[in-house]
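Working through the structure, step by step
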Amino acid sequence: MAQADCPNCAGTGWRIVEQPDENAEMRVVAPANGAHAGAAAGEGKTVWAVPCDCTVGDRRSRVVDRARLPRRYVHCNFESYDTDLGYRSSEAKVWNHSLAQAKLVVQAFARDFPVGAEHGLLLMGPCGVGKTHLAVAALEEIVQRGHSGLFYDYRELLKEIQDSYNPESNSTEMSVLEPVLKTEVLLLDDVGSSKPSPWALETVGHILNTRYNEHRVTLLTTNFLDKDFKRPAVTLPSGEAIAAPGGDTLEDRVGMRIRSRLYEMCRTVEIVAPDYRKEVRHAGFHA
Ligand SMILES: Nc1ncnc2c1ncn2[C@@H]1O[C@H](COP(=O)(O)OP(=O)(O)O)[C@@H](O)[C@H]1O
Ligand SMILES: [Mg+2]
Ligand SMILES: [Zn+2]
């Protein structure tokens, strides 16, 4: 909504723009970006209405809501993504390089979309390295340009799939599946975070396959690594040791079929860095 007391639009949300006609013969008007009403030519001037600046925040939040971007991620954009964690050690160079590289790839993806988007992105790395941050930044930039996009937490998607299961048709309600299948960019966050029933996992496979076959792009993040993930064991400045990855791999969590489908449909971006929440903020590098 417009601001009720806005001095520029008196609360209407539309601002009138006038421009003297430079060439009275020429009545074809190229309205400013986002112009609403067709231009009305007056005596030697052209008048049209554009959305007032006081509605910008509003439009932005509508777009964000439509993409189901959770409020806790609204601060996530490329500008707020640090690629220098402030450590000065040889390991830190590797971390900073990894963050910078990931940012470069994801930002280029968002900038060029839909060009060059024959592959999605799978952001892979330990907890707290900013995978969701980068993926959200990309999704938001893309939906702000008018494309459709949807954020889905993996667990929530599985829950919705499970809750909407219809025993009569032995399938999931189309009302849940359709937007997930059709949206131009799907962000599936935290893949592998729960271990679903075999048929729910099959539904996830169906979603990914369909999107792949119909050339729709999927962005995914996961804390589960591949066996050969190149993260060395490190000791953080806090003294905490982070061992090389162990435990479940992504394939253990989603099965071989989905893992290999993801190889085909995504470029894997590995991020190797310490947990931003634990290390960087608390270490006071960012007052
Ligand atoms: N490089 C970074 N620069 C700025 N903020 C970051 C960075 N990495 C992580 N964060 C912040 O730390 C928190 C955790 O990041 P998140 O993206 O949720 O990590 P992940 O998804 O990898 O577990 C978020 O609030 C995020 O904005
Ligand atoms: Mg995350
Ligand atoms: Zn206004």
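Residues numbered from 1 in each chain as written. Chains lettered and ligands numbered in written order. Predicted model: local features only at pLDDT ≥ 70, side-chain atom pairs only at ≥ 80, totals over all residues.

Side note on the overall build of the chain
Note the cut-off: Numbering goes from the N terminus for both helices and strands, where a helix is a DSSP run of H or I of at least four residues and a strand is a run of E of at least two. Burial in this document is a count-based property: other C-beta atoms within 10 Å of a residue's C-beta are tallied, and the residue is buried at 20 or more, exposed at 12 or fewer, or partly exposed in between, with C-beta positions derived from the backbone. A pair of residues counts as a contact when their C-beta atoms, built from backbone coordinates, are within 7 Å of each other.
When its secondary structure is counted, the chain shows eight helices and twelve strands. Here the chain holds 287 residues, and the buried ones make up 29% of them. Put simply, of all contacts in the chain between residues at least 6 apart along the chain, 75% involve residues at least 24 apart.

Here's the deal with the pairing of strand 9 (residues 217-222)
Short version of the rule: One bridge is not enough; two strands pair if DSSP finds at least two bridges between them. By convention, a crossover is right-handed whenever its connection, traced from the first strand over the helix to the second and viewed with the strands pointing away, goes clockwise.
Most of strand 9 sits inside the fold, with six of its six residues counted as buried. Neither face of strand 9 is open: one carries Val217, Leu219 and Thr221, the other Thr218, Leu220 and Thr222, and all of them are buried. One ladder, built from four bridges, connects strand 4 (residues 120-124) with strand 9; its direction is parallel. Residue pairing for strand 9: leucine 121 is matched across the bridge by leucine 219. Across four bridges, the pairing between strand 8 (residues 185-189) and strand 9 is parallel. Counted as the bridge partner of leucine 186 is threonine 218 from strand 9. Crossover strand 8 to strand 9 through helix 6 (residues 198-213) is right-handed.

Points about helix 6
Because an α-helix completes one turn every 3.6 residues, residues spaced three or four positions apart along the sequence face the same direction. We count it as follows: To estimate the expected span of a helix, count its residues, drop one, and scale the result by 1.5 Å. To obtain the arc, one takes the directions from the helix axis to the C-beta atoms.
With 16 residues, helix 6 ought to run about 22 Å at 1.5 Å a step, and its terminal C-alpha atoms sit 22 Å apart, in line with that. Considered for burial, the residues of helix 6 that qualify are Thr203, Val204, Ile207, Leu208 and Arg211. End-on view of helix 6: buried residues confined to an arc of 135°, all on one side of the axis. In helix 6, those exposed residues whose orientation departs by more than 90 degrees from the buried face are Pro198 and Asn213. Buried residues belonging to helix 6 abut helix 4 (154-163), strand 7 (171-172), helix 5 (174-182), strand 8, strand 9 and helix 7 (250-265). Trailing helix 6 by a residue or two, histidine 215 shows a phi angle of about 60°, which is positive.

Points about the nonpolar core
As a reminder, the rule being used: Each nonpolar core comprises buried Ala, Val, Leu, Ile, Met, Phe, Trp, Tyr and Cys residues, the members being joined through C-beta atoms within 7 Å.
Counting 53 residues, the largest nonpolar core has Leu123, Ala138, Leu139 and Leu187 as its most contacted members. Sort the elements by how many residues they give to this core and helix 3 (residues 131-144) lands first, with eight residues. With residues near it in sequence (within four places) discarded, leucine 139 still touches Ala67, Leu69, Gly149, Phe151, Val185, Leu187 and Leu219.

A short note on the confidence of the model for the chain
In plain terms, the rule: Confidence of the prediction at every residue is given by pLDDT, a number between 0 and 100.
Per-residue confidence for the chain averages 83 on the pLDDT scale, and 83% of its residues sit at or above 70. When pLDDT is averaged over each helix and strand of the chain, the minimum, 48, is found for strand 2 (residues 40-41) and the maximum, 98, for strand 8. Across residues 24-42, where pLDDT falls below 50, the model places 23 contacts with residues more than four positions away in sequence or in other chains.

Overview of the site of ligand 1
The following threshold applies: Should the C-beta atom of a residue, placed from the backbone, lie within 6 Å of a molecule or strand, that residue is near it. Residues are grouped as follows: nonpolar covers Ala, Val, Leu, Ile, Met, Phe, Trp, Tyr, Cys and Pro; charged covers Asp, Glu, Lys and Arg; every other residue, Gly included, is treated as polar.
Around ligand 1, the surrounding shell holds 15 residues, and the nearest of these are Gly130, Lys131, Thr132, His133 and Tyr276. No other element matches helix 3, which puts three residues into the shell around ligand 1. Class assignment of the residues belonging to the shell around ligand 1 gives a composition of six nonpolar, six polar and three charged.

Focus: the sheet that holds strand 8
Across a sheet, paired strands are connected by hydrogen bonds in the backbone, their directions being either parallel or antiparallel. The following threshold applies: An axis is simply a line fitted to the C-alpha atoms; with a helix, the fit covers only the stretch in contact. Between two such axes, the angle follows the N-to-C directions and lies from 0 to 180 degrees.
The strand order 5-8-9-4-12 describes an open sheet built from five strands, whose pairing is parallel. Each having just a single partner strand, strand 5 (149-153) and strand 12 (266-270) make up the two edges of the open sheet. Strand-to-strand, the axes of this sheet are offset by a mean angle of 15°, without reference to chain direction. In this fold helix 4 packs onto strand 5 and strand 8, with an angle of close to 90° to the strand it touches most, strand 5.

Re unusual backbone geometry
With omega at 0°, the peptide bond leading from phenylalanine 113 into proline 114 counts as cis. As for its position among the elements, proline 114 is in the loop between helix 2 (90-112) and strand 4. Not every positive phi belongs to a glycine, and aspartate 190 is a case in point at roughly 70°. Residue position: aspartate 190 is located in the loop between strand 8 and helix 6.

Comments concerning the environment of arginine 211
Position of arginine 211 relative to the elements: it lies in helix 6. Here arginine 211 falls in the buried class, since 22 other C-beta atoms lie within 10 Å of it.

With respect to helix 2
Here helix 2 contains 23 residues, and its C-alpha end-to-end distance of 33 Å stays within 8% of the 33 Å for a straight helix at 1.5 Å per residue. For helix 2, the full list of buried residues reads Trp95, Ser98, Leu99, Ala102, Lys103, Val106, Phe109 and Ala110. Packing partners of the buried residues in helix 2 comprise strand 4, helix 3 and strand 12.

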